[in-house]
Amino acid sequence: MQKYSLPLRLLHWLTALLVFGLFGVGLWMRNLGYYDPLYQVLPYWHKSVGFLLCALVMVRLLTRAVGRSPGPLASHRPWERGLAHAMHLLLYGLLFGLFASGYLIATADNRPASFFGWFDIPVLITPFPDQEDIAGLLHEYFAWSLIGLVALHAAAALKHHWRDKDDTLKRML
């Protein structure tokens, strides 16, 4: 069995952990009142961890581009290969949609966004009317869509493991 490289496996599972964590915190933040002590704290951490996730996804794509990944298993049918490829493109597309919309939310007030207080992410786009609201709505749609696709991705991996009894899941563990 040819496994994915250790860096790719670590980046995969760290990405999954951060996606679920950010999604949960995002849901929690929506219900915070203005006087809640976490009203300012959680968005700060959500933004910083979101920027970190963006950097990790870029490292992951670079690692995939320069390294060798195992090809599809011989037992995978052509439609499964095509569907898996489309699923990965959609997952990455939604992640980058989240990054872009999150950036637009964070810089809607025309001020740079802080990355854990270490440095600032500059404002690169002149804010437009209702930027925070429009980007926020897109961010929410992207987040729910990503979680739905992640659920399908996990279901497909479990289907390969339990029903097809192939090494698809084992290669990522």
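We now turn to the structure provided with this report.

What counts as what
Residues numbered from 1 in each chain as written. Predicted model: local features only at pLDDT ≥ 70, side-chain atom pairs only at ≥ 80, totals over all residues. Heavy atoms only, no water. Helix = DSSP H or I, 4+ residues; strand = E, 2+ residues; numbered from the N terminus. Buried < 20%, exposed > 50% of the residue type's maximum accessible area, 1.4 Å probe, protein only. Lys, Arg positive; Asp, Glu negative; His and termini not counted. Salt bridge = Lys/Arg side-chain N within 4 Å of Asp/Glu carboxyl O. Polar contact = N/O pair within 3.5 Å; in protein donor to acceptor, adjacent residues only side chain to side chain. Contact = heavy atoms within 4.5 Å. Axes fitted to C-alpha atoms, helices over the stretch in contact; angles between N-to-C directions. Parallel < 35°, antiparallel > 145°, perpendicular 65-115°, else oblique. Left-handed = near helix turned anticlockwise from the far one by under 90°. Nonpolar A, V, L, I, M, F, W, Y, C, P; charged D, E, K, R; others polar. Core = buried A, V, L, I, M, F, W, Y, C linked by side-chain atoms within 4.5 Å.

Another aspect to go through is the side chain of Arg60. The topology assignment puts Arg60 in helix 2 (residues 38-66). Despite its burial, Arg60 remains without a salt bridge, the nearest opposite charge being carried by Asp166 at 16 Å. Within the structure, Arg60 has its side chain in polar contact with the side chain of Tyr92 (distance 3.3 Å). Here Arg60 is in contact with Leu8, Leu11, His12, Thr15 and Tyr92, once residues within four sequence places are set aside.

Structurally, the position occupied by His88 is in helix 3 (residues 78-106). Owing to a relative accessible area of 29%, His88 belongs among the partly exposed residues under this scheme. Spatially, the C-alpha atoms of His88 and His153 are 8.7 Å apart, while their sequence positions differ by 65 residues.

Here the focus is the packing of helix 1 (residues 6-30) against helix 2. Orientation of helix 1 relative to helix 2, taken along the N-to-C sense of each, is 155°, at an axis distance of 9 Å. Judged on the interaxial angle alone, helix 2 and helix 1 are roughly antiparallel. For the element pair helix 1 and helix 2, the recorded crossing hand is left-handed. Of the residues in the contact of helix 1 with helix 2, the class split is 18 nonpolar, 6 polar and 2 charged.

Pairs can form between side chains of opposite charge once their charged atoms are near each other. Throughout the structure, instances matching the rule amount to 7 salt bridges. Residues Lys159 and Glu80 are paired through a salt bridge, measuring 2.8 Å at the closest nitrogen-oxygen approach. Taken as a pair, Lys159 in helix 4 (residues 131-163) and Glu80 in helix 3 lie far apart in primary sequence, 79 residues in all. Taken together, the shared-partner salt bridges connect Arg77, Glu80, Lys159, Arg163 and Asp164 into one network.

The biggest cluster of nonpolar side chains holds 31 residues, and the ones touching the most others in it are Leu53, Leu95 and Leu146. Looking at this core, the elements with two or more residues in it are helix 1, helix 2, helix 3, strand 1 (113-115) and helix 4. Contact partners of Leu95, with chain neighbours within four places excluded, come to Val19, Leu53, Val57 and Leu146.

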